[in-house]
Amino acid sequence: MAKKIFVAMMFAAIVANGVSAVDFGKINSTLGPRSFSADIYGGFALNNVGANFEWGLGGLPLTLGLGFSPILVGEYALRVGYHPDLGVKGLDVYANVTLGIWNAFFFPLFVPQVGVHIGVRYYFGEVFGIFGEGGWSFNANYVKAGISFKKR
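Residues numbered from 1 in each chain as written. Predicted model: local features only at pLDDT ≥ 70, side-chain atom pairs only at ≥ 80, totals over all residues. Heavy atoms only, no water.

(A) Highlighting the pairing of strand E6 (residues 107-123). Judged from the 13 bridges that link them, strand E5 (residues 91-104) and E6 form a sheet pairing that is antiparallel. For Ile101, the partnering residue across the bridge sits in E6 and is Pro112. With 9 bridges joining them, E6 and strand E7 (residues 128-137) adopt antiparallel strand pairing. Of the residues in E7, the one forming a bridge with Tyr123 is Gly129. As consecutive antiparallel partners, E6 and E7 are separated by 4 residues. (Pairing = 2+ DSSP bridges. Helix = DSSP H or I, 4+ residues; strand = E, 2+ residues; numbered from the N terminus.)

This is the structure in structure tokens:
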């Protein structure tokens, strides 16, 4: 039992040391202020096909965006995201909150939708990348994967 506690404490110390080196207020150089990114994705569970659009807010590690997944059951949503800079070129890790409405087969249902999710993008160059995102939205869990484009 003491060995398990020791291993858990060492793991916590390593994680805490890594997190303390991150400047959570620094602008993510991959995204940047006043930037624009677009994701086109396929999803699992309800949000099958869709797109996200995000704009970087000047001077802050935040984005404001829109999310659409109009085919089958999906959402029309506003997205607010936090993008810390982890110091890895091309890497964009983020956490978003969404607020919108459900839709079915392109028709808005006007049922409120609230969600939270985390994701990661990796840009191979200045424009093109891939992304994955997972999270929870009102009455549904989902996972998305797709391609990303950005303009700074």
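After that view of the structure, there is still more to cover.
(B) Broad picture of the pattern of salt bridges. Counted by the stated rule, this structure contains 7 salt bridges. Glu75 is the salt-bridge partner of Lys144, the closest N and O atoms lying 3.8 Å from each other. With a gap of 69 residues between them, Lys144 in strand E8 (residues 140-151) and Glu75 in strand E4 (residues 73-82) connect regions that are remote in the sequence. Note on Glu75: relative accessible area 2%, which makes it buried. Ionic contacts of the salt-bridge type, sharing partners, join the residues Asp39, Glu54, Glu75, Arg79, Asp92, Arg121, Glu133 and Lys144 into one network. (Salt bridge = Lys/Arg side-chain N within 4 Å of Asp/Glu carboxyl O. Buried < 20%, exposed > 50% of the residue type's maximum accessible area, 1.4 Å probe, protein only.)

(C) Local environment of the environment of Gly134. For Gly134, the position within the fold is in strand E7. As a C-alpha pair, Gly134 and Gly43 span 91 residues in sequence and 9.5 Å in three-dimensional space.

(D) Up close: the environment of Asp92. With respect to the helices, strands and loops of the structure, Asp92 is situated in strand E5. Along the backbone, Asp92 and Val120 are 28 residues apart, and their C-alpha atoms lie at a distance of 5.6 Å. In this structure the side chain of Asp92 is engaged in a polar contact, spanning 2.7 Å, whose partner is the side chain of His83. (Polar contact = N/O pair within 3.5 Å; in protein donor to acceptor, adjacent residues only side chain to side chain.)

(E) Just the packing of aromatic side chains, in detail. Considering all chains together, one arrives at 8 aromatic pairs under this definition. Seen from their ring centres, Phe36 and Phe53 are 6.3 Å apart, and the 15° between their planes marks the pair as stacked. Residue Phe36 is located in strand E1 (residues 36-44), and its partner Phe53 is located in strand E2 (residues 49-56); the two are separated by 17 residues in the primary sequence. One aromatic cluster is present, formed by Phe36, Phe53, Trp55, Phe68 and Tyr76 through successive ring pairs. (Phe/Tyr/Trp six-rings, centres within 6.5 Å; stacked < 30°, edge-to-face > 60°.)

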